[in-house]
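Chain residues, written in single-letter form:
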Amino acid sequence: MKLCPGCQTELSQDDSACETCGMRFDQQELQIDWDAIERTKARQSRPVTQKIMPALMWGASLAMLFWLATPYVAVSEYIIKNDPIIDLRQHLAKHHAFPKDGSYVSAKELTLGYKGAEWKRGRRFAMGRDEMVYIQVIGAVCPYEMPREDCHRVVIEIPKKSADFDNFKPASSVNVEGRLLRVTQTSEFAPLIPFLAREMHLDLDGAYIIAHGLRPNIDRDFWIFWGGILLIALVLTALMWRATRN
């Protein structure tokens, strides 16, 4: 004998249902048809129109991410190439042109002007900006035989927290070594052009800046920055895949 779990009525072993409460014990009806569930799920797949918006959001997010990383592409290429140091005066005398923008140069006995200006700028992969002092180089940097239209002003950028900052005094002769950067209206120095025009009465458009002491290497900051960019891109891709899959 067995008892009905619904009303506790005594049942025989052959009973497939309880006549009192109507509960059935046919095990065939309790089996789950997984194939039918999968077929139903397939019929309920998302239409293509509902996948377009997540894909567009994913594309826009990646575009914005890499746009924000664009200023660090040039310095990353410079780090990876690890080109040798260029003697600025020798290069000017030989080629009658300035080295390529972003090159690492050295120059000896450059005479500094009497007036400088302070401006904040982020160097390398620093998240914050440091105070920099910009001092114009006076005197001839270009050789006499170099065409005048190929000559440009040269400005030294020295961080205030640099160990040899005290050596960069007005009218002193200094040796500099750092990254050569061209100042244009589309470069990161674009806001510096009107600032130095106001503070130093200096037309900086088209000039070259020697970022003294700036020779980036592949270090922790390099890996943290690009590792973060790659991680965010992977997370965005995973979210897009999750949002568009069936």
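This text follows the structure it describes.
In short, a report on the structure. (Residues numbered from 1 in each chain as written. Predicted model: local features only at pLDDT ≥ 70, side-chain atom pairs only at ≥ 80, totals over all residues. Heavy atoms only, no water.)

### With respect to the pairing of strand S6 (residues 154-159)
Here comes step 1: Burial within S6 is extensive, with 6 of its 6 residues counted as buried.
Here comes step 2: Taking every second residue as pointing to the same face, both faces of S6 are buried, with Val154, Ile156 and Ile158 on one and Val155, Glu157 and Pro159 on the other.
Here comes step 3: Taken together, the 5 bridges between strand S5 (residues 130-138) and S6 define a ladder with antiparallel strand orientation. Across the sheet, Val133 pairs through a bridge with Ile158, a residue of S6.
Here comes step 4: Two strands pair when backbone bridges link them, and S6 and strand S8 (residues 208-212) are joined in this way by 4 bridges, in the parallel orientation. Within S8, the position partnered with Glu157 by the bridge is Ala211. (Buried < 20%, exposed > 50% of the residue type's maximum accessible area, 1.4 Å probe, protein only. Helix = DSSP H or I, 4+ residues; strand = E, 2+ residues; numbered from the N terminus. Pairing = 2+ DSSP bridges.)

### Details of the nonpolar core
Here comes step 1: One finds Leu88, Phe98, Leu110, Ile156, Phe168, Val176 and Ile210 to be the most contacted residues of the largest nonpolar core, which totals 22 residues.
Here comes step 2: Of all the secondary structure elements, the ones that give two or more residues to this core are helix H4 (88-95), strand S4 (104-121), S5, S6, strand S7 (173-182) and S8.
Here comes step 3: Considering each element in turn, this core owes the most residues, 4 residues, to S4.
Here comes step 4: Leaving out residues up to four positions away in the same chain, Phe168 has contacts with Leu112, Ile135, Ile156, Ile158, Val174, Asn175, Val176 and His212.
Here comes step 5: If you look at the next biggest cluster of nonpolar residues, it comprises 19 residues, including Leu181, Phe189, Phe195 and Ala207. (Core = buried A, V, L, I, M, F, W, Y, C linked by side-chain atoms within 4.5 Å. Contact = heavy atoms within 4.5 Å.)

### Quick word on helix H6 (residues 220-244)
Here comes step 1: Between its first and last C-alpha, H6 extends 36 Å over 25 residues, near the 36 Å set by a 1.5 Å rise per residue.
Here comes step 2: The complete set of buried residues in H6 reads Phe222, Phe225, Ile229, Ala233, Met240 and Thr244. (Expected span 1.5 Å × (residues − 1).)

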